[in-house]
Amino acid sequence: MSQTDPIVVRNLSIHYGDDTALSGVNLEIRKNEIFGIIGPAGSGKTSFLRVLNRMDAFVEGMHFAGDVFYNGQNVKQWRNLYSLRRRVGVVFPLPVGLPLSIYENVAFSPRVRGVKDKAELDVIVERCLRRAALWDEVKDRLNALGSLLSGGQQQRLTIARALSQEPELLLLDEFSIAVDPVTTMRIEDVLKELKSEMTIVLVTNLVQQARRLADRTAFFLTGECVEIGDTDALFSGAVKDDRTQQYLEGRFG
Amino acid sequence: MSSPFVATPRNIKNQRIEQAMKSLFGAMTVMLVIPVMLVLGVLIARGLPVISWEFLFSEPTNGMTAGGVLPALIGTICLVVVALIASVPVGVAAAIYLSEYAKENWLTRLINLAIINLAGVPSIVHALFGVGAFVLFFGFGTSILAASLTLAIMSLPVVIVATRESLQAVPWAYREACWSMGATRWQTIRRVVLPNAVSGILTGVILEVSRTAGETAPIMFTGAAFFLPFLPQSVYDQTMAMSLHLFVVSTQVPDVPDALPYGVALVLIMLVLVMNAASLGLRVYLRGRKRW
């Protein structure tokens, strides 16, 4: 275990009541990499993401065992969870434009952490919207409602909002599920740029998306982490487990 | 194989049933409207001749067989306003706690059950509770304060349920999105949940107000006076109220002209209708600003 890895997971298992969603996961996520997680529905990918910034607390009955270290600190012993979540940006599968103006959507997180100065907020909002490739489409109607944008725009708004947290870690949960292919490619380009500034965990059920973006990829199947490897190696056949090979070839999933 | 453009016997049957059900539900709606129209019609026909500015703004005279309803009208408005001030903050805060903070466990289930039961308690029981608690124990005497607090206790469950329903109508995804950014529950409630629930809350509160205005039993023993031709000076005074005044002039006083009770009833129902109309207008205004 390298001390510099931002995320270190040791023997993690996740449960909903008495049901086990994930068990026996050991992995490290390196600084400034895109770490892909692929696997069919019900494999425990989303549950894994939820634990990383302790979103498990939002779900009745969800609990986990084992250790997750964020910059060397155990997330279970984190005293103020708000400070943990503020460092971690999250993008959910379905776009969530908050029922606020586009401007206020992006200004939400800075406001919550205490930024009051209008000029400072203006700068943050413009920078984040530009980075999320949305600025040009909305710059003339920043006071329009964020929840009334199209699905693809809302998802980029969600990304802009995540960026406004100035996150060290960005968690993406199947972000392209409700987004058209063109927007998906634009977001993918954004992610490639963001990699230089933050660590990204990309959960996706599109194998090819992991192939395009991820530096390393983990394959989850029915609550088990089957295999972790360099994405290039995995896709050029250096696979240790038959199930991974079959999934990558599209024979199930 | 039959042509796809010809209706099968099953299609025709389904269409007949569809028509029949639509007619049935429509007929029920008409039956619902008839009594409302009759009540309003009779009240307006018999009561309207009595009503004038003088009727609204003068005191009852000649042993309540003549004159107007001003003390009762003012009294009812006072009772409702004080009841509102007492019940809305408590009810909304409790609903926010139950909807946004409380975990689902036996205690919250018990509290929810208690709220539902409180809503089912007959108003005369609330009245007796009001006498025991506010008039005697807290020593407010028979006063606007005691009567309003009794009304407030009675309307609490409705305020709580209406508020909780409005809060829960705000999609869960908004909360998760805010929490995941490190917002606290309160920041989320203040910035996202409440602004989007406020129209429902206001509607519920105003409908409850209009119900409160017509209640008689809870105020009879706690603060409403049989005949008191002065306006209340403070919340510790007794007052007349429209609902009790209607009861009195209808049944308790001899030689009341036939039309007078209808006039009183019409004023009371107009008061309620004005409040409902305000609620409707507010709802339309706020729905125009609906955010999703």
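Predicted model only: the values in this text are computed from it and were never measured. (Residues numbered from 1 in each chain as written. Chains lettered and ligands numbered in written order. Predicted model: local features only at pLDDT ≥ 70, side-chain atom pairs only at ≥ 80, totals over all residues.)

Let's hear about the overall build of chain B: which residues, and what values?
Helix and strand counts for chain B stand at 11 helices and two strands. Ordering the α and β elements of chain B from the N terminus gives α-α-β-β-α-α-α-α-α-α-α-α-α. Taking 292 residues into account, the globule formula puts the C-alpha radius of gyration at 19 Å, and chain B, at 24 Å, lies well above it. Taking the principal axes of the C-alpha coordinates as reference, chain B spans close to 85 × 55 × 35 Å. Going through the 292 residues of chain B one by one, you find that 37% of them count as buried. Counting only contacts in chain B whose residues sit at least 6 apart along the sequence, the fraction spanning at least 24 positions is 77%. (Helix = DSSP H or I, 4+ residues; strand = E, 2+ residues; numbered from the N terminus. Rg over C-alpha atoms; globule rule 2.2 N^0.38 Å. Buried ≥ 20, exposed ≤ 12 C-beta atoms within 10 Å, placed from the backbone. Contact = placed C-beta atoms within 7 Å.)

I'd love a proper account of the overall build of chain A, names of residues and values included.
Regarding its fold elements, chain A presents 10 helices and 10 strands. Over its C-alpha trace chain A gives a radius of gyration of 18 Å, about what one expects of a compact globule, namely 18 Å for 253 residues. Looking at chain A as a whole, 45% of its 253 residues qualify as buried. Within chain A, contacts between residues at least 6 apart in sequence are counted, and of these 69% link residues at least 24 apart.

Residue-level account of unusual backbone geometry, with values.
Residue and element names in this part refer to chain A. Phi at Arg 54 is positive, roughly 60°, even though this residue is not glycine. When you line up the elements, Arg 54 lands in the loop between α1 (45-52) and β4 (62-70). Here Glu 174, not a glycine, exhibits a phi torsion of approximately 45°, which is positive. We classify Glu 174 as buried; it has 21 C-beta atoms within 10 Å.

Describe the interface of chain B and chain A, naming the residues involved and giving the relevant values.
Taken residue by residue, the interface counts 17 residues in chain B and 19 residues in chain A. When residues of the side of chain B that touches chain A are traced back to their parent elements, those giving at least two are α7 (172-180) and α8 (185-214) of chain B. For the side of chain B that touches chain A, the leading source of residues is α7 of chain B, giving six residues. Its residues placed into classes, the side of chain B that touches chain A shows eight nonpolar, five polar and four charged. (Nonpolar A, V, L, I, M, F, W, Y, C, P; charged D, E, K, R; others polar.)

Which residues make up the domain arrangement of chain B, and what are the values?
Residues and elements named next belong to chain B. Once the domains are mapped, chain B shows domain 1 (9-50) and domain 2 (53-287). Counting from both sides, the interface comprises seven residues of domain 1 and, opposite them, eight residues of domain 2. Its residues placed into classes, the side of domain 1 that touches domain 2 shows five nonpolar, one polar and one charged. (Domains from an automatic or database assignment.)

Talk me through the packing of helix α10 (residues 242-252) of chain B against helix α11 (residues 259-287) of chain B; I want residue IDs and the actual numbers.
Residues and elements named next belong to chain B. Relative to each other, α10 and α11 sit at 165°, their axes nearing to 9 Å. Considering the angle they form, α10 stands roughly antiparallel to α11. In this structure, α10 meets α11 at a crossing whose hand is left-handed. Side by side, α10 and α11 meet where Met 242, Ser 243, His 245, Leu 246, Val 249 and Ser 250 of the first sit next to Leu 260, Pro 261, Val 264, Ala 265, Val 267, Leu 268 and Leu 271 of the second. A class-by-class count of the residues in the contact of α10 with α11 yields 10 nonpolar, three polar and no charged. (Axes fitted to C-alpha atoms, helices over the stretch in contact; angles between N-to-C directions. Parallel < 35°, antiparallel > 145°, perpendicular 65-115°, else oblique. Left-handed = near helix turned anticlockwise from the far one by under 90°.)

I'd like a rundown of the domain arrangement of chain A, residues and numbers included.
Residues and elements named next belong to chain A. Assigned domains of chain A: these are domain 1 (1-87 + 171-253) and domain 2 (99-166). The distance between the C-alpha centroids of domain 1 and domain 2 comes to 26 Å. Element by element, the count of residues in the side of domain 1 that touches domain 2 is highest for helix α7 (residues 181-194), at four residues.

Let's hear about the environment of Glu 59 of chain B: which residues, and what values?
Residues and elements named next belong to chain B. Turning to its location among the elements, Glu 59 is positioned in the loop between α2 (53-56) and β1 (60-61). Glu 59 gets classed as partly exposed once you count the C-beta atoms within 10 Å, which come to 17. Separated by 13 residues in the primary sequence, Glu 59 and Ala 72 have C-alpha atoms spaced 8.7 Å apart. Aside from chain neighbours lying at most four places away, what touches Glu 59 is Gly 67, Gly 68, Leu 70, Pro 71 and Pro 229.

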